[in-house]
Every structure is written in structure tokens, then in C-alpha cells.
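Working through the structure, step by step
Read off the chains here:
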Amino acid sequence: MTINLKDRIALVTGASRGIGYFTALELAKAGAHVIACARTVGGLEELDDAIKAEGGSATLVPFDLTDMQAIDRLGGSIFERWGKLDILVANAGILGVISPIGHIEAKVFEKVMLTNVTATWRLIRSVEPLLLKSDAGRALVLSSGAAHKCRPFWAAYSASKAAVEALARTWAAEQQRTALRVNSIDPGATRTSMRAQAMPGEDPNTLPHPSDVAKAILPLASPQMTETGRLFVVRDNKFVDYRMPE
């Protein structure tokens with residue numbers, strides 16, 4: 001199915017590498033103008049080159065997602081330039097450490113929560129009015145199977161992704177009567193630097209490339225996609241209802 005996102009404005013966080021990079025590229029290839037956010041300027045510039053090579057366009061916004069005032073300013077800047085936002089891909093996140101709960105340093109746990117949870121809430125707050133100005137706003141919030149499996153030593157990351165899913169689920173329920181559709185995405189194990197950090201002994205070639213995940217995500221940004229308040233499992237290529245920890 002060909003996805004046409006011409007004249008639509010998309011915001012992607014964590015766009016300098018991995019799933020965020022390739023999702024931004026797919027959105028641009030489909031015709032969207034991509035607002036690409038990340039800390040790494042070099043990665044954003046590489047993305048911009050790739051998007052231009054495909055005939056697309058992007059606006060680069062290098063900043064740290066833990067800068068709450070910068071998130072607030074981002075919403076205002078988007079309104080001033082475009083007056084709306086059609087697509088949000090809240091992808092940015094960090095792993096923290098794989099460690100017993102009692103061994104996690106307070107500053108590490110707090111940074112995971114700040115980056116993965118608080119920044120996601122702040123982003124939602126900043127861009128929700130813009131998404132509601134779209135005729136078919138689409139918000140995609142990246143989650144993880146870690147939110148449900150709750151495996152030993154993954155406490156910080158698992159707790160943060162469970163909280164992110166709760167935010168997305170609540171947001172979807174609040175917007176049920178509007179044109180805004182909100183869903184979470186479980187990309188599954190993917191060949192990313194975060195996965196390599198978590199599983200250093202794993203052969204990355206046994207995992208799907210982030211470009212494959214991005215291709216699966218792209219249709220969820222389309223105005224024709226009407227599901228909301230659900231979890232899209234990339235490995236199964238289908239929506240499921242939210243579930244309790246396994």
C-alpha cells in the first residue's frame with residue numbers, strides 16, 4: 001500500500017539514529033515534512049542528506065529532550081511556522097543500566113524517568129494543541145516488550161516504558177471524540193545501539209534492521225489509520241489490546 005503524506009508535518013524525536021532515523025526517512029519519502037529532533041547534530045545532518053537525496057524535506061532541531069523549556073518552545077515554534085502538527089513519533093529514549101534494582105544509582109534511575117517518561121509527557125503537553133488542529137492527527141509513542149515482561153535487572157527501563165504506555169493509553173482515551181488517534185508501538189528486538197548496550201553478546205545480524213521497523217510504522221501515521229488506544233506489535237504486524245505484565 002502506498003502511503004501519501006504530502007503536505008503533512010511530522011515530528012520525530014530521537015531521529016539521529018536507529019528506529020527514529022529510519023522512521024523520519026520513511027515519513028519524508030512518503031511526502032511529509034519532517035521536524036527531526038535529537039541531541040546528535042552529526043546524525044541529524046546525515047538524516048537531512050538522506051532525506052534530500054530522496055527528494056524530501058526536513059527541519060533539524062538539535063536539543064536534549066531533558067531540557068523541558070526547549071520542549072515547550074518547540075511547540076510554540078511549530079505553531080508559528082506551520083500552525084499545526086499532523087504526526088508525532090515520540091521515539092527518543094534511553095536504557096539506563098541492566099542491574100539489580102538495589103544497585104541502580106539514583107541519578108541513573110532519575111535520568112531514565114526524566115528522559116523516557118517526563119519528557120514524553122512534556123512533549124505531549126507541548127504538541128497536543130497542534131495535533132488537534134490537524135484533520136487527522138496521529139501520535140505514535142514507542143514502547144517496548146520490556147513494559148510487559150518485567151525481566152530481572154531491567155527495572156528502570158521496564159518501569160519507564162510501562163509508564164509511557166499508561167500515558168499513551170490515557171491520552172488516547174481523552175481524545176476519543178476528536179480526530180487525534182494515539183497508539184503505542186512495540187518494535188521488538190531491533191538492531192540498534194541500545195539493543196547492543198543491553199545485550200552485548202547477541203549477534204546483531206539475527207535481529208531486524210531498524211529500517212524494517214520503520215516501514216512497518218509508516219502506515220500508522222496515515223490519515224486512513226483509525227485505530228486508537230492500542231498497542232501495535234511490529235513483529236506480529238498487528239494491533240493488540242493493552243495487556244498486563246506477563
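Residues numbered from 1 in each chain as written. Predicted model: local features only at pLDDT ≥ 70, side-chain atom pairs only at ≥ 80, totals over all residues. Heavy atoms only, no water.

It is worth spelling out the packing of helix α1 (residues 18–29) against helix α8 (residues 210–217) at this point. In a pair of packed helices, the angle between the axes and the distance between the axes together describe the arrangement. Two elements in contact, α1 and α8, have axes whose closest approach is 8 Å; the angle formed by their N-to-C orientations is 50 degrees. By the angle class used here, α1 and α8 are oblique. The interaxial crossing formed by α1 with α8 has right-handed handedness. Here α1 contributes Gly 18, Ile 19, Phe 22, Thr 23 and Glu 26 to the contact with α8, which in turn contributes Pro 210, Ser 211, Val 213, Ala 214, Lys 215 and Ile 217. By residue class, the composition of the contact of α1 with α8 is six nonpolar, three polar and two charged. (Axes fitted to C-alpha atoms, helices over the stretch in contact; angles between N-to-C directions. Helix = DSSP H or I, 4+ residues; strand = E, 2+ residues; numbered from the N terminus. Parallel < 35°, antiparallel > 145°, perpendicular 65-115°, else oblique. Left-handed = near helix turned anticlockwise from the far one by under 90°. Contact = heavy atoms within 4.5 Å. Nonpolar A, V, L, I, M, F, W, Y, C, P; charged D, E, K, R; others polar.)

Oppositely charged side chains may form a pair once their charged atoms are brought near each other. All chains considered together, the criterion is met by 11 salt bridges. Residue Glu 227 pairs with Arg 230 through a salt bridge whose shortest N-O separation is 3.4 Å. The partner of Arg 230 in a salt bridge is Asp 241, and the shortest N-O contact between them spans 3.2 Å. Here the residue Arg 230 occupies a position in the loop between α8 and β7 (231–233), and Asp 241 occupies one in the segment after β8 (238–240), the gap between them amounting to 11 residues. One salt-bridge network, in which partners are shared between bridges, spans Arg 8, Lys 84, Asp 86 and Asp 135. (Salt bridge = Lys/Arg side-chain N within 4 Å of Asp/Glu carboxyl O.)

Read across the open sheet, the eight strands follow the order β3-β2-β1-β4-β5-β6-β7-β8; overall the sheet is mixed. Looking at which strands have only one partner, the edges of the open sheet turn out to be β3 (57–62) and β8. Strand after strand, the sheet turns through a mean of 20 degrees between neighbouring axes, direction not considered. Direction of pairing for strand β6 (residues 181–186) relative to β7: parallel, over a ladder of three bridges. (Pairing = 2+ DSSP bridges.)

As a further point, take the UniProt feature "domain: Ketoreductase" (unreviewed entry) in the protein chain. In this structure's numbering, the residues bearing the UniProt feature "domain: Ketoreductase" (unreviewed entry) are residues 8–188. Across residues 8–188 one finds 50% helix and 18% strand; the C-alpha atoms that close the span lie 27 Å apart. (UniProt positions renumbered as here; feature names shortened; annotations may be inferred.)

Time to look at the packing of aromatic side chains. Here the structure, examined in full by the defined rule, presents three aromatic pairs. Across from the ring centre of Trp 154, 4.5 Å away, lies the NZ or CZ of Arg 151, which sits over that ring. (Phe/Tyr/Trp six-rings, centres within 6.5 Å; stacked < 30°, edge-to-face > 60°. Lys NZ or Arg CZ within 6 Å of the ring centre and 35° of its normal.)

Here strand β4 (residues 87–90) shows no split at all, with Ile 87 and Val 89 on one side and Leu 88 and Ala 90 on the other all buried. Across three bridges, strand β1 (residues 9–13) lies against β4 in parallel orientation. Directly across from Leu 11, in β4, lies its bridge partner Leu 88. As paired elements, β4 and strand β5 (residues 138–142) share four bridges and run parallel to each other. Directly across from Ile 87, in β5, lies its bridge partner Arg 138. In this region the chain leaves β4, passes through helix α4 (residues 106–131) and returns to the parallel neighbour β5; the handedness of that crossover is right-handed. (Buried < 20%, exposed > 50% of the residue type's maximum accessible area, 1.4 Å probe, protein only. Right-handed = clockwise from strand over helix to strand, strands pointing away.)

Looking at the secondary structure, you find Asp 86 in the loop between α3 (68–82) and β4. A relative accessible area of 0% places Asp 86 in the buried class. For Asp 86, the side chain forms a polar contact with the side chain of Lys 84, separated by 2.9 Å. (Polar contact = N/O pair within 3.5 Å; in protein donor to acceptor, adjacent residues only side chain to side chain.)

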